[in-house]
Amino acid sequence: MCGVIGIELNGIEDEDISLIHKIFLQTMIRGKHATGISYRKGSKIITLKENLSADNFLKKIQFEEFVDNDSLCLLGHIRYSTSDLRYPQPFSSDKYSIVHNGVISQEDSSTWKYKTETANDSELILRSLEHGNDPLLDFIPSSMAVVMLDIEKGITGFRNESRPLWLTTLPKGIVFTSTKNIAIRSGLSNPKKCEMYVKYSQKETIKVKRPKNVKDMQP
């Protein structure tokens, strides 16, 4: 059980920075082993992550410094480790960054479809994107709730059968949280449960053609 966060807001004000702090602190209920963020700054994706709980991680950063042209495009990951404390998220490259809750593969990393730099199976999602593939279709069976940052397109969230993801739409942008309660406790209203095999972004909603052999499995 981990927590994923996605935030894309325009016209950033002090109240927005306060909201982001609340979201991270409320998501801490999903884990305290590590915290990480990725954000867009100009033409770069910058990633920061440490083996710290969210409250301690937040003492070391200033969200105001991540604002770019009066907007903020940011991912967050709150980790509950079921194995070791290596390889915290997000996983990022020049073009993409991803945060993931779920399981892609429990096989030895030597058998994985893509070569990875770590033994964390969540990295496979990043590698799939880099190869021009759709992770929702690339890894069946799997369980995933994913928020990704595309350096050109911004924030997108999607899920399949086994992990929850909620979207709150605001006048100035969108916020993804792992649960409805996290959104509500953070001060957001009317969060919507993301449908399976649908990709949500600020600009569009795209349905992915669902594999015929996949059955409904509500989290």
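Quick note: structure is the one above.
An account of the accompanying structure is given in this report. Source: prediction; values computed, not measured. Starting afresh in each chain, residues are numbered from 1 along the sequence in its written order. Per-residue local features of the predicted model are confined to residues with pLDDT of at least 70, and side-chain atom pairs are confined, for both listing and counting, to 80 or more; whole-chain, interface and lining totals are unaffected and use all residues. Side-chain descriptors were evaluated using all non-hydrogen atoms of the structure, hydrogens and water having been removed beforehand.

Comments concerning unusual backbone geometry
Turning to step 1, where the next piece is worked out: A cis amide bond, omega 10°, links Gln89 with the succeeding residue Pro90.
Turning to step 2, where the next piece is worked out: Along the chain, Pro90 turns up in the loop between β4 (71-79) and β5 (91-92).
Turning to step 3, where the next piece is worked out: The omega torsion of the bond from Ile140 to Pro141 falls at 5°, within 30 degrees of zero and hence cis.
Turning to step 4, where the next piece is worked out: Note that Pro141 resides in the loop between α4 (135-138) and β7 (143-150).
Turning to step 5, where the next piece is worked out: The backbone of Asn69 shows a phi angle near 55°, a positive value even though the residue is not glycine.
Turning to step 6, where the next piece is worked out: By secondary structure assignment, the location of Asn69 is in the loop between α2 (54-58) and β4.
Turning to step 7, where the next piece is worked out: Backbone geometry places Tyr197, a non-glycine residue, at a positive phi of 60°.
Turning to step 8, where the next piece is worked out: Relative to the elements of secondary structure, Tyr197 occurs in the loop between β11 (192-193) and β12 (198-201). What counts as a helix is a DSSP run of H or I of at least four residues, what counts as a strand is a run of E of at least two, and both are numbered from the N terminus.

Observations regarding the sheet that holds strand β6 (residues 96-103)
Turning to step 1, where the next piece is worked out: By definition, two strands form a pair when at least two bridges between them are found by DSSP. Read across the sheet, six strands follow the order β5-β6-β7-β8-β12-β13 without closing on themselves; strand pairing throughout is antiparallel. The open sheet has two edge strands, β5 and β13 (205-207), and neither has a second partner.
Turning to step 2, where the next piece is worked out: We call two residues contacting when some pair of their heavy atoms lies within 4.5 Å. Every axis in this analysis is a line fitted to C-alpha atoms, fitted for helices over the stretch in contact. Angles between the N-to-C directions lie between 0 and 180 degrees. Packed onto the sheet, helix α3 (residues 123-130) meets β5, β6 and β7 and runs at close to 135° relative to β6.

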